[in-house]
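# Overview (structure and organization)
Residues per chain, in single letters:
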Amino acid sequence: MTGLRWGEISFLARLAGKNLTRYRRRTAITTGAVALGVGIFIAMTSLLQGIRSESERNLARYVTGSAAIASRGYWDDRSRRSLDRLVGNTSALLEKLEKNAIAAAPRVSFRGELIVHYDPYPEEGSLFLDFCGIDPRKDPAVFHLDRTIRDGRFLRAGEPEILLGSWLADQLGAKPGFPVTVITRTRQGFHQLLDLEVAGIFDTPHPGLNRSTVYLPLDQVQEDLELGEAVTMIHIALDEALPGRGDPTQAAQLAGEHSPGEPLEVLTFHEMTREFSRAFDMQDSMLNAILLLLGLIAAVGITNTMVMAVLEREEEIAMMQALGMNHRELRLLFALEGSTIGAIGGLVGLVIGAGLSWYLVTWGIDYTPLLEDLKSDYPFSGVLQGVWSVPALAGTPLGAICLATTVALLPLGRMFSLPITDLLRGT
């Protein structure tokens, strides 16, 4: 026989269906193993990929924006928080950006010392922190800081006040209305003393900001640090579904036209997060290893269950051979059974995985108590949320079908090499 006719294939398909319903317990166990493996793999993929997605969103929403305009060379030297390289004449540039429907938020970053004293604080002390002057009216168009106020209120322009992060405020015992003193340097390098009042306490999903960054009104910072209109960076928000996907070309053109003699550059999201990207890449390698391990565990479980299901039917296979069924027909029969089990298990696993992914995307897993004492600058909160992974949702059930079909055929080679009489005797 060189091939199988449609009638024979139809007969084998019906026989495969009857075999599956005849061995209901075995079929249920095997299908359950496939479904469990598929469901867990899809859910874990959603969970692990959500870590990077949330980290990138937090960076864009609270630190970088979609892109930023800065003086050339400032970003490479940003760790010094120097006020030497600034963007000047910002009102004209902001007006141009606004006319072109590009949301922009100017900021000034600098270093300073925060000092607190007894009464009202439990104890006195000082901390060197990162300070950031923001425009209370323009900043919410690019960043989400105003949405994270836990106590008190957001900043007001022209007021000598400050926003503290939740971790920092809890450590200091600070509350809205408490006074603080800040010592820093002006653009010319002179010491400057600022007496401020805590306006509010923010709690972002970025632990590093909550611990080591504080915010002041931009106009107060420009006046006290003798900056005029200058800022360190102008952050912009682009129309993009995911961070780093927007096109900053128009903003770069406007920045070039703004001051031809002033060397400005537009920094993309990926340029500003290059250091985090290295950490993300290392993280992805570890996550891929975890997913590979999960896939291997699921594959071993499915393989073991399928192989045992086939080996238990040695006498049945011998009987079918004795009745005239050839090797090709037997392979097709078991391939149909394996693919059916893989398809049913894959679909059930898809439902399980999609349900778990929905829960992770909608609610997530809150493990904040485990991170309360963990000092980390990683832009990631204590609520672990998943993402919808289309490749996992589509590919994992298909992989289960292929795997179940393949492993159903593996034991047949050994059985075909033995005499039918030995199979009937179970030897």
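A quick note: this is a predicted structure, and the numbers were derived from the prediction, not measured. Each chain has its residues counted from 1, following the order in which its sequence is written. Under the rules for a predicted model, residues below a pLDDT of 70 receive no local features and side-chain atom pairs below 80 are neither given nor counted, while totals for whole chains, interfaces and linings still include all residues. To obtain the side-chain values, all non-hydrogen atoms of the structure were included, while hydrogens and water were left out.

### Some remarks on the overall build of the chain
A tally of helices and strands in the chain yields 14 helices and twelve strands. A 1.4 Å probe rolled over the protein chains alone gives each residue an accessible area, and that area as a share of the maximum for its type sets the label: buried under 20%, exposed over 50%, partly exposed in between. In the chain, buried positions account for 48% of the 427 residues. Sequence separation of at least 24 residues holds for 78% of the intrachain contacts in the chain that already meet a minimum separation of 6. Reported accessibility uses the Shrake-Rupley method at a 1.4 Å probe radius. Residues are deemed covered only where the shown protein chains occlude them. Summed over its atoms, the accessible surface of the chain is roughly 21,200 Å², and 58% of this surface lies on carbon and sulfur atoms. By the criteria applied, helices consist of DSSP H or I runs no shorter than four residues and strands consist of E runs no shorter than two, each listed in order from the N terminus. Here, residues are in contact when the closest pair of their heavy atoms is within 4.5 Å.

### Quick word on the nonpolar core
In terms of nonpolar packing, the biggest core is built from 46 residues, with L97, L114, F131, I162, L164 and I234 touching the most fellow members. With five residues, the single largest contributor to this core is strand 2 (residues 103-116). Note on terminology: a nonpolar core comprises buried Ala, Val, Leu, Ile, Met, Phe, Trp, Tyr and Cys residues joined through side-chain atoms within 4.5 Å.

### Quick word on the pattern of salt bridges
Within this document, salt bridges are pairs made up of a side-chain nitrogen of Lys or Arg and a carboxyl oxygen of Asp or Glu, the two lying within 4 Å of each other. Applying the stated criterion to the full structure yields eight salt bridges. Across the salt bridge formed by D130 and R111, the nearest N and O atoms sit 2.8 Å from each other. Here D130 is found in strand 3 (residues 125-134), whereas its partner R111 is found in strand 2, with 19 residues between them in sequence. Look at R111 and you get partly exposed, because its relative accessible area is 38%. Residues joined by salt bridges that share partners form a network here, namely R150, D151 and D170.

### Notes on the side chain of T232
Structurally, T232 is set in the loop between helix 6 (218-224) and strand 9 (233-237). What makes T232 buried here is its relative accessible area of 1%. A 3.5 Å cut-off defines polar contacts: any pair of N or O atoms within that distance qualifies, except that in protein one atom must be a possible hydrogen donor and the other a possible acceptor, and neighbouring residues in sequence count only when both atoms are side-chain atoms. In terms of polar contacts, T232 uses its side chain to reach the backbone carbonyl oxygen of R107, at 2.9 Å. Of note is the side chain of T232, whose polar atom sits 3.1 Å from the backbone nitrogen of S109. Ignoring anything within four residues of it in the chain, the contact list for T232 reads I69, A70, Y74, S82, L83, L86, V87, R107, V108 and S109.

### A word on a nonpolar patch on the surface
A surface patch of nonpolar side chains, amounting to about 610 Å² of accessible area, comprises W358, Y359, W363, I365 and W388. The residue W363 is located in the loop between helix 11 (327-362) and strand 11 (365-366) in this model. Two distance rules govern patches: like charges are joined within 9 Å, and nonpolar side chains (Val, Leu, Ile, Met, Phe, Trp, Tyr) within 5 Å, applied only to residues with over 30% relative accessible area and no salt bridge.

### Quick word on the packing of helix 10 (residues 314-322) against helix 11
In this description, a line fitted to the C-alpha atoms serves as the axis of each element, helices being fitted only across the stretch in contact, and the angle between N-to-C directions of two axes falls anywhere from 0 to 180 degrees. Relative orientation of the contacting elements helix 10 and helix 11 amounts to 140°, with a least axis distance of 10 Å. One way to sum up the angle between helix 10 and helix 11 is to call them oblique. Judged by the twist between their axes, the crossing of helix 10 over helix 11 is right-handed. Contacts between helix 10 and helix 11 involve I317, M320 and Q321 on the former and, on the latter, H327, L330, L333 and F334. Throughout, the ten residues Ala, Val, Leu, Ile, Met, Phe, Trp, Tyr, Cys and Pro are labelled nonpolar, Asp, Glu, Lys and Arg are labelled charged, and all others, Gly among them, are labelled polar. For the contact of helix 10 with helix 11, the residue count by class is five nonpolar, two polar and no charged. Here the angle decides the label: under 35 degrees means roughly parallel, over 145 means roughly antiparallel, 65 to 115 means roughly perpendicular, and every other value means oblique. Throughout, a crossing is termed right-handed when the near helix is turned clockwise from the far one, and left-handed when it is turned anticlockwise from it by less than a right angle.

### Points about helix 1 (residues 6-22)
Taking 1.5 Å of rise per residue, 17 residues should cover 24 Å, and helix 1 covers 24 Å from first to last C-alpha, within 8% of that figure. Those residues of helix 1 lying buried are E8, L12, A16, N19 and L20. All buried residues of helix 1 lie within an arc of 110° about the axis, which places them on one face of the element. Exposed side chains of helix 1 directed beyond 90 degrees from the buried face belong to W6, R14 and K18. Buried residues belonging to helix 1 abut helix 2 (24-64), helix 10 and helix 11. By this rule the span expected of a helix is its residue count minus one, scaled by 1.5 Å. Think of it as the arc spanned by the lines of direction from the helix axis to the C-beta atoms.

### Observations concerning the packing of aromatic side chains
Classification of ring pairs uses Phe, Tyr and Trp, with its six-membered ring standing for Trp, and accepts pairs whose centres are within 6.5 Å; under 30 degrees between planes counts as stacked, over 60 as edge-to-face, and the remaining range as tilted. Enumeration over the complete set of coordinates arrives at three aromatic pairs. Ring plane angle 85° and centroid distance 5.3 Å describe the contact between Y121 and F178, whose orientation is recorded as edge-to-face. Of this pair, Y121 sits in the loop between strand 2 and strand 3 while F178 sits in the loop between helix 4 (166-172) and strand 6 (179-185), and the two are 57 residues apart along the sequence. We note that Y121, like F178, is buried. A ring pair is formed by F202 and Y215, whose centres lie 5.4 Å apart and whose planes are at 70°; its orientation type is edge-to-face. Residue F202 is located in strand 7 (residues 191-202), and its partner Y215 is located in strand 8 (residues 213-217); the two are separated by 13 residues in the primary sequence. Residue F202 shares its accessibility class with Y215, and that shared class is buried. When the ring centre of W75 is taken as reference, the NZ or CZ atom of R78 above it lies at 4.1 Å. When the ring centre of F143 is taken as origin, the NZ or CZ atom of R107, which lies over that ring, is 3.8 Å away. Criterion for a charge above a ring: Arg CZ or Lys NZ at most 6 Å from the ring centre, at most 35 degrees from the ring normal.

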